[in-house]
Structure formats: C-alpha cells, structure tokens
Amino acid sequence: KKSVKNIVRLMKEGKYNPSTILINVLVDGKSWIEYEDGNLTIGEGSTINLIDGMHRVQAILEVMEDEPDFEGYMNVDIKHYPIEKAQQLLAITNTVNRFDKTLVKHYMAESYGEQIAKDLMNISELKNRISIKTALDKKLKLLTNYAILSDAIEDIFNPQNAKDRFDHFEVLKKFYSYFVATYQKELLDDKDEVLKTSWFPHHNLHVGFIVVAKKLYDKYGKDFPVDEIVRIINNIDFNKDTSDLTEIMGGQGKVNSNRVKKEIRKYFESKVDELLK
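The structure displayed is predicted, hence computed values, not measured ones.

Peer 1: Hey, could you run me through a nonpolar patch on the surface in this one?
Peer 2: Together, Ile33, Tyr35, Leu40, Ile42, Ile48, Val76 and Ile78 make up a nonpolar patch on the protein surface, roughly 610 Å² of accessible area in all. Mapped onto the nonpolar patch, the elements with two or more residues apiece are strand S2 (33-36), strand S3 (39-42) and strand S5 (75-79). Considering the arrangement of structural elements, one finds isoleucine 78 in strand S5. For isoleucine 78, a relative accessible area of 39% corresponds to the partly exposed category.

As structure tokens, then:
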C-alpha cells in the first residue's frame, strides 16, 4: 500500500517516468492472440498474467479514479509464453538486483531532512564520508549512511519549511565540523580498532549524535558553545562492557533496525537532558 501511495503521488506530480509493465498471455491451448498491421488482439477467455508491475497498475487505477482526464504513459511488454517459460521469466524478473534503497533515497531527496543531509555531505568533514548505499564499504573511511543521517534529521529536527532547512543545516554544519574534527581518530582513523571495545564509531550512533545537536540548538540556539559537544560526548559511556547501549545495540540483526534507532534516540535524549540541566 505504501509503494502504491508513493507511485500515485509521483504520477500526480508529474515526476513518475514511464517504466515497463510485463504481461504474459499464457500459451495453454485456450488462450490465443492475433497480431496484424500493428494491432494486437487477445482472445476472450485468454489467461493473462501480470509478471511485473502490480503496484504500478494499482496506482494507475487510483489516479484514474481520482482524475478521469489524467494523461500519462507506461510501456508494456507483452509475452506469449507457456507456463514453464513464464515461470522462468518471473524468476529472472524477481532476482534482478534492484536499486539500493538508500541510493534511491539519496537521488530523490524529497523531504527537508533529506535535503539537509545532502547539503551536509558537501562540508569538508563529511565529504566522501557518508555512504549513499545502505552497506558501508569497510575499505573506505565512512561514518554512516545517507538514510540513517537523513531519517534522523527529519525525525529529530523535524524541519517544516525552507527557513528550517537553512537554520538546521547551519546548526548541523557547525556541530559536525567540530565533532568530526575532535574525534577524527575514534570515528575514522582507528575506527575498526575502536569498534572492538566501544559503540562510539558505530554508524547507527549518528541518530544519537543528531540528538545532541538538537538539544544544544534547543537550549542555546544557533550560537551554541562547541565545548558543550565534547563535554556531553565525554560524559556518555560507550564502552561495550559497561554501557547501557550494549543492551540496545546487542540485538542488531535480530531486532528491527528502526526499533534499535528509536531506542538509541531515547537513550541519548535521556542522557543529554541530564547533562544539560
């Protein structure tokens, strides 16, 4: 339903580019087709299978119900295969590598939080250090991925308009510039070694770091003292043997990733509120 809703929105906004819907008219002794002079006739009683494109078809129906005069285009690829070949086509279609979700999010950059994250990726401290794919390449010095960063900004800062976008960008630019420069060794240079004993360089912890930035902004405004970043971070226990974070982070892979990030946010909000009293 979520996918259909998103496609409907994009179609109505004129942002959905035509793609190919894949259909098979089954060769089963009952179905029949005729093709002559550019005209395709599919006989009554034929079995037609939608191999790829159900969400798009449902979206088209919703758009046409809402706006009967709506005009749009979609490519259609029609096959005439027996069951075995149709099954092979279905298998091949569903094993083709799809675009990485984080990469799609980065290319679309629709929400204010996503736009802020994209802008942040251009500051020197974050340039080439935020992965635009979900997985972080261990050979590269990466802090986190774009989805984690943009979702955290959207949820925690909750920008509502263009003014918020620019204000929150300035806050986060200042925060990350000082933060990364201060903890360059732990976050980047010796990241793999530090990760053996500490949660501090873990990519999901940036949800918590965004909380720190927001709490400082709430208390001091855009001119928050950068020394407070260090004081707060240095007073949070990241050690895997002693930190309360271990209970949260230890379930990764078994617990839903979004739930883990919500728990990280709650943990940091509680800790930072104590430290800013």
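Peer 1: It is not clear to me how helix H2 (residues 54-66) should be interpreted in this structure. Could you clarify?
Peer 2: Along an α-helix, residues three or four apart share an orientation, since each turn contains 3.6 residues. Here H2 contains 13 residues, and its C-alpha end-to-end distance of 19 Å stays within 8% of the 18 Å for a straight helix at 1.5 Å per residue. Those residues of H2 lying buried are Arg56, Ala59 and Val63. Along H2, the residues classed as buried sweep out an arc of 60° about the axis, all on the same side. Projecting away from the buried face of H2 at angles above 90 degrees are the exposed residues Leu61 and Glu65. Against the buried residues of H2 lie helix H1 (2-12), strand S1 (20-25) and strand S4 (48-52).

Peer 1: Any chance you could explain the layout of surface pockets here in plain terms?
Peer 2: Within this model, the largest pocket holds a volume of roughly 2,000 Å³. Counting residues per element, the ones that place at least two in the lining of the largest pocket are H1, S4, H2, helix H4 (101-108), helix H6 (146-157) and helix H13 (257-275). Residues that form the lining of the largest pocket fall into these classes: 14 nonpolar, 16 polar and 13 charged. The calculated volume of the second largest pocket comes to roughly 330 Å³. Forming the walls of the second largest pocket are 17 residues, and the residues nearest its centre are Lys138, Leu142, Lys191, Asp192 and Leu195. Contributing elements (two or more residues each) for the lining of the second largest pocket: helix H8 (184-189) and helix H9 (191-194). Here the lining of the second largest pocket is built from residues that sort into seven nonpolar, two polar and eight charged.

Thresholds applied
Residues numbered from 1 in each chain as written. Predicted model: local features only at pLDDT ≥ 70, side-chain atom pairs only at ≥ 80, totals over all residues. Heavy atoms only, no water. Patch = residues over 30% accessible without salt bridge, like charges linked within 9 Å, V, L, I, M, F, W, Y side chains within 5 Å. Areas by Shrake-Rupley, 256 points an atom, 1.4 Å probe, with all protein chains shown as cover. Salt bridge = Lys/Arg side-chain N within 4 Å of Asp/Glu carboxyl O. Helix = DSSP H or I, 4+ residues; strand = E, 2+ residues; numbered from the N terminus. Buried < 20%, exposed > 50% of the residue type's maximum accessible area, 1.4 Å probe, protein only. Expected span 1.5 Å × (residues − 1). Arc of directions from axis to C-beta. Contact = heavy atoms within 4.5 Å. 1 Å grid on protein atoms, 1.4 Å probe; cavity = no way out; pocket = protein on both sides within 12 Å on 5 of 7 lines; lining within 4 Å. Points joined across faces, edges and corners; volume = space filled by probe spheres on them. Nonpolar A, V, L, I, M, F, W, Y, C, P; charged D, E, K, R; others polar.

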